[in-house]
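In case you want the letters, here they are:
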Amino acid sequence: TWMFVCIHSTARGPAGGGTRMKTYPTPADGLADAMRLSAAMTLKMAATDIPFGGAKAVLAVSALPEGDERRRLLLRYGDLAASLGGNFQTGPDVNTTIADMDVIAERHEHVFCRSKERGGSGDPGPYTARGVFHGIRASAAQVFGTPDLAGRSVLVQGVGDVGARLAEQLAEAASRVLVSDIDTERAKDIADRIGAEVVRAETAIGTDCDIYAPCALGGTLSAETIPQLRCRIVAGSANNQLGEPDDGARLAEAGILYAPDYVINAGGVIHAWGVESLGWDLETVEDRLAGIGTTLTDIYEYAEAEGITTEAAAEQLARSRLVRS
């Protein structure tokens with residue numbers, strides 16, 4: 001296993017970001033992923049006005065470990081994280097769990113989203129999903145003139161921890177929910193439970209819908225895939241959704257409103273760092289989750305006024321807060 005801890009910025013406070021465990025074609029690909037994700041975490045913390053910097057860790061494994069092998073790996077990683085002291089604060093990410101955070105916390109003091117039995121704030125997934133839901137409502141208001149999602153078709157691509165909860169909230173809002181996942185049984189299970197329609201994973205990107213919500217791995221929006229989109233809004237929880245910076249302009253040219261990922265998917269960070277570090281109660285957390293929608297509205301209005309992409313507007317907002325810190 002190659003272990004990469006990338007601290008991008010401590011300008012606003014200690015650097016925070018999740019620990020991802022994944023197989024990569026080469027170790028260099030794992031490092032590049034960690035570097036991109038850490039930069040996005042800096043922007044996320046600043047855009048949502050959380051007083052921390054950005055970081056990310058990647059455990060580049062040859063295969064996902066289990067049992068004692070997994071525990072040994074996490075303890076070794078915990079020693080590495082602990083060597084950085086309070087400069088690096090971490091939580092769960094792709095392929096890491098609340099139970100994993102409990103193990104890492106045996107060696108590293110600054111671990112968020114441990115189990116509640118171990119004094120942590122638990123699973124951040126519901127709060128990430130809640131923030132995305134508020135962001136989708138704000139995006140709908142911008143495009144359709146109302147935040148009401150009743151009757152709006154929303155395709156949730158990836159129904160894991162966050163995507164499934166988002167699909168549930170959309171169904172409660174009387175949306176026409178479409179779900180897609182490479183795990184066909186998982187997609188069918190959530191569809192049966194909430195009355196959604198299943199879309200095959202290979203056709204998801206070109207499916208006709210009002211709102212496309214990518215909630216799996218990033219990089220799905222590119223020069224190749226953007227022309228295939230048949231939606232008015234892209235708003236989902238996946239990190240690093242744009243394959244390259246120019247993809248923000250490609251979405252705008254296609255008449256598609258893009259909710260910058262590090263703004264709309266900040267709910268888990270708001271809950272974990274807010275509750276565990278800033279002492280927020282759940283009412284304050286909910287207010288800040290709803291504030292994701294307000295922030296997106298401000299970004300959309302600024303982008304329109306300045307004639308720039310929503311991605312550029314979000315970055316300007318975040319960087320202005322970095323300069324003031």
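Residues numbered from 1 in each chain as written. Predicted model: local features only at pLDDT ≥ 70, side-chain atom pairs only at ≥ 80, totals over all residues. Heavy atoms only, no water.

1. With respect to the sheet that holds strand S2 (residues 15-22)
Through backbone hydrogen bonds, the strands of a sheet pair up, either in parallel or in antiparallel fashion.
Moving on, step 1. Here 4 strands make up an open sheet; going across it, the order is S1-S3-S2-S4 and the pairing mixed. Taken across any chain shown, the strands that pair with only one partner, and hence form the sheet edges, are strand S1 (2-9) and strand S4 (88-92). With direction set aside, neighbouring strand axes in the sheet form an average angle of 25 degrees. (Pairing = 2+ DSSP bridges. Helix = DSSP H or I, 4+ residues; strand = E, 2+ residues; numbered from the N terminus. Axes fitted to C-alpha atoms, helices over the stretch in contact; angles between N-to-C directions.)

2. A word on the packing of aromatic side chains
Moving on, step 1. On inspection of all chains with the given rule, the structure shows 2 aromatic pairs.
Moving on, step 2. For the ring pair Trp2 and Phe4, a centre distance of 6.0 Å and an interplane angle of 15 degrees mean the geometry is stacked.
Moving on, step 3. Centroid distance Phe112 to Trp273: 4.2 Å. Interplanar angle 15 degrees. Geometry classified as stacked. Within this pair, whereas Phe112 is found in the loop between helix H3 (98-104) and helix H4 (125-144), its partner Trp273 is found in helix H9 (residues 267-276), the two being separated by 161 residues in sequence. (Phe/Tyr/Trp six-rings, centres within 6.5 Å; stacked < 30°, edge-to-face > 60°.)

3. Quick word on the layout of surface pockets
Moving on, step 1. By volume, the largest pocket amounts to about 1300 Å³.
Moving on, step 2. Along the wall of the largest pocket there are 47 residues; nearest its centre are Asp93, Val94, Val162, Cys215 and Ala216.
Moving on, step 3. The element that contributes the greatest number of residues to the lining of the largest pocket is H9, accounting for 4 residues.
Moving on, step 4. Here the residues of the lining of the largest pocket sort into 19 nonpolar, 20 polar and 8 charged.
Moving on, step 5. Size it by volume and the second largest pocket reaches roughly 420 Å³.
Moving on, step 6. In this structure, the second largest pocket is lined by 19 residues; those nearest its centre are Asn240, Leu242, Glu244, Pro245 and Glu311.
Moving on, step 7. If you list the elements that add at least two residues to the lining of the second largest pocket, you get helix H1 (27-47), helix H7 (246-253), helix H8 (261-264) and helix H11 (310-324). (1 Å grid on protein atoms, 1.4 Å probe; cavity = no way out; pocket = protein on both sides within 12 Å on 5 of 7 lines; lining within 4 Å. Points joined across faces, edges and corners; volume = space filled by probe spheres on them. Nonpolar A, V, L, I, M, F, W, Y, C, P; charged D, E, K, R; others polar.)

4. Regarding the nonpolar core
Moving on, step 1. Within the largest apolar cluster, 57 residues are counted, with the highest numbers of intra-cluster contacts made by Ile136, Leu166, Leu170, Val179 and Trp273.
Moving on, step 2. Here the element with the most residues in this core is helix H10 (residues 282-306); it accounts for 7 residues.
Moving on, step 3. Discounting residues that sit within four places of it in the chain, Leu166 has contacts with Ala129, Val132, Phe133, Ile136, Val156, Ala213 and Cys215. (Core = buried A, V, L, I, M, F, W, Y, C linked by side-chain atoms within 4.5 Å. Buried < 20%, exposed > 50% of the residue type's maximum accessible area, 1.4 Å probe, protein only. Contact = heavy atoms within 4.5 Å.)

5. Concerning the pattern of salt bridges
Moving on, step 1. Counted by the stated rule, this structure contains 21 salt bridges.
Moving on, step 2. When the shortest N-O distance is used, the salt bridge between Asp247 and Arg250 registers 2.5 Å. Remark: Arg250 and Asp247 occur in helix H7; sequence separation between them is 3 residues, near one turn of the helix.
Moving on, step 3. Among the residues examined, Arg250 registers a relative accessible area of 26% and is labelled partly exposed.
Moving on, step 4. Each of Arg20, Asp33, Arg36, Lys56 and Asp93 takes part in a single network of salt bridges with overlapping partners. (Salt bridge = Lys/Arg side-chain N within 4 Å of Asp/Glu carboxyl O.)

6. Here we look at the side chain of Thr295
Moving on, step 1. As for its position among the elements, Thr295 is in helix H10.
Moving on, step 2. In this view, Thr295 contacts Ala47, Val263 and Leu317; residues no more than four positions away in its chain are not counted.

7. Considerations on H7
Moving on, step 1. Within the sequence span of H7, burial applies to Asp247, Gly248 and Leu251. Taken end-on, H7 shows its buried residues confined to a sector of 110 degrees, consistent with a single buried face.
Moving on, step 2. Looking at the buried positions of H7, the neighbouring elements they touch are strand S9 (233-234) and strand S10 (257-258).
Moving on, step 3. Immediately beyond the C-terminal end of H7, within one or two residues, lies Gly255, with a positive phi of roughly 75 degrees. (Arc of directions from axis to C-beta.)

8. Concerning empty space enclosed by the protein
To find the voids left in a structure, one rolls a probe of water-molecule size over its atoms.
Moving on, step 1. Taken as a whole, this structure holds 1 cavity of 30 Å³ or more when the rule is applied.
Moving on, step 2. The computed volume of the largest cavity comes to approximately 30 Å³.
Moving on, step 3. If you trace the largest cavity, you find it lined by Leu37, Ala40, Met41, Lys44, Lys56, Asn239 and Tyr262.
Moving on, step 4. The greatest single-element share of the lining of the largest cavity, amounting to 4 residues, is contributed by H1.
Moving on, step 5. Residues that form the lining of the largest cavity fall into these classes: 4 nonpolar, 1 polar and 2 charged.

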